[in-house]
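In case you want the letters, here they are:
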Amino acid sequence: MTKGITQHVETVVIGGGQAGLVMGYYLAQHDHSFMILDAGSRVGDAWRNRWDSLRLFIPAGLSSLPGVPFPAANAYFPTKDELADYLEAYADRFNLPVQLDTTVESLTRSGDRYVLEADTHRITADHVVVATGPYHHPNVPEFAPQLASSITQLHSSEYRNPDQLPKGDVLVVGAGNSGAEIAIELAAYRRVWLSGPDTGHLPKWDSDDLPRWLFWFDGRIFRWLFTDLLTVDTWIGRKLKARGQKGGDPLIRLTPDDLERAGVERVPRVEGVVNGTPRLDDGRLLDVNAVIWATGFRPDVSWIEVPGLRCDADGSPIHDRGVVEDEPGLYFLGLPFQRSLLSATLVGVGADARYIATHLRRRADAGETE
């Protein structure tokens, strides 16, 4: 298509990762048109492009999307490439209308319809589900450019393997799941400091000794605990969400003991730079050759220019279980703690997608009867 050609689709899903695909699974059960737009050249590329040794934090028996079990033993932790291939097969299995190599540059509104400007053409839609997830712009401290030019700096999204780094000591900033995993991998080759407060951890899941209750009744006990109990609807869920927003998500599959055994040295957070050297909260200066910023991402919805969308102080869209109440027909899916602790994971995104699909269908049916 050439720029300027317009097509209309009842529902557009932006993002073809696990959130977008499971949204497509539920939309396909309704009798209206939809398409899924993704910037990648293959379904699953967002996972293929992450660091080489990455494995899921949740075992295969609890990592299935609706309709298709993950093709691995229950207690196996899939690699990122195995997950990418699973997502690609999932899209093929249900013949989901994924349009690849398509970047949505802007989302606006014209009358009763949304207008999406893609890099090749224009699309109008009655409903839009933004399923691009939480990984938009790497979040790096403002003082990062003050580090000496001799110190190699990478954000965790750029990290692939230890060979990218020069010889010498490494500081990993950010003690959440990504930072802890990368620190343990690097500690096999060099001295590693891990900066940041302890974010806590969930009970350890060892592939050789996973608690059997995880898989009872096809994992329904696990799903109830993490996707029904630990939600924004419960006191304990809201408390856990607030803690995560302040200090990062709790470690999954790893514990502080694992870090200690690997030789990773825990240090306070990095509070600035002195003469090109990172300075810790306790005043220490660390002489390192590389810094990995495992400091998460900043949300970016600046490309969405519709009057009813509001954001919180961090720039995240304000919603109720993914529904933007002041902007009818606009939804978000795959956000951290959208409803539950695992909303941004394979095991949790299905419940959120089903809820949105039901809400969307009711809105569409109401429009048909007006």
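The structure this text deals with has already been given above.
Criteria and cut-off values
Residues numbered from 1 in each chain as written. Predicted model: local features only at pLDDT ≥ 70, side-chain atom pairs only at ≥ 80, totals over all residues. Heavy atoms only, no water. Salt bridge = Lys/Arg side-chain N within 4 Å of Asp/Glu carboxyl O. Core = buried A, V, L, I, M, F, W, Y, C linked by side-chain atoms within 4.5 Å. Buried < 20%, exposed > 50% of the residue type's maximum accessible area, 1.4 Å probe, protein only. Helix = DSSP H or I, 4+ residues; strand = E, 2+ residues; numbered from the N terminus. Contact = heavy atoms within 4.5 Å.

Asks: I'm lost on the pattern of salt bridges in this one. Help?
Replies: Think of it this way: side chains of opposite charge can pair up when their charged atoms draw near. If you walk through the whole model with that rule in mind, you get 16 salt bridges. Taking the shortest distance from any N to any O, the salt bridge between Arg122 and Glu117 comes out at 2.6 Å. When salt bridges with common partners are traced through the structure, they connect Arg42, Asp45, Arg48, Asp85 and Glu88 into a single cluster.

Asks: It is not clear to me how the nonpolar core should be interpreted in this structure. Could you clarify?
Replies: Looking at soluble globular proteins, one finds that nonpolar side chains tend to be buried together. Membership of the largest hydrophobic core comes to 57 residues, with the highest contact counts inside it found for Met23, Tyr86, Tyr90, Val172, Leu186, Ile292 and Leu333. Of the residues forming this core, the biggest block, 7 residues, is contributed by helix α1 (residues 18-27). Aside from chain neighbours lying at most four places away, what touches Ile292 is Leu154, Ser156, Tyr159, Leu165, Val170, Leu171, Val172, Val173, Ile182 and Leu186. Formed by 22 residues, the second largest nonpolar core is a distinct cluster that contains Val12, Met35, Ile304 and Val324.

Asks: Before we go on, may I ask you to explain the side chain of Glu181 in this structure?
Replies: Mapped onto the fold, Glu181 is located in helix α4 (residues 177-187). Accessibility expressed as a relative area gives 15% for Glu181, which makes it buried. Dropping the residues within four chain positions of it, Glu181 is found in contact with Trp51, Phe57, Arg253 and Leu254.

Asks: How should I be thinking about unusual backbone geometry in this particular structure?
Replies: Working note: non-glycine residues mostly have negative phi, and peptide bonds are mostly trans. One non-glycine residue, Asn95, adopts positive backbone phi at about 50°. Along the chain, the position of Asn95 falls in the loop between α3 (80-93) and β3 (98-99). Of note, Arg321 is a non-glycine position whose phi angle comes to about 55°, a positive value. Relative to the elements of secondary structure, Arg321 occurs in the loop between β15 (297-298) and β16 (330-332). We classify Arg321 as partly exposed; its relative accessible area is 22%.

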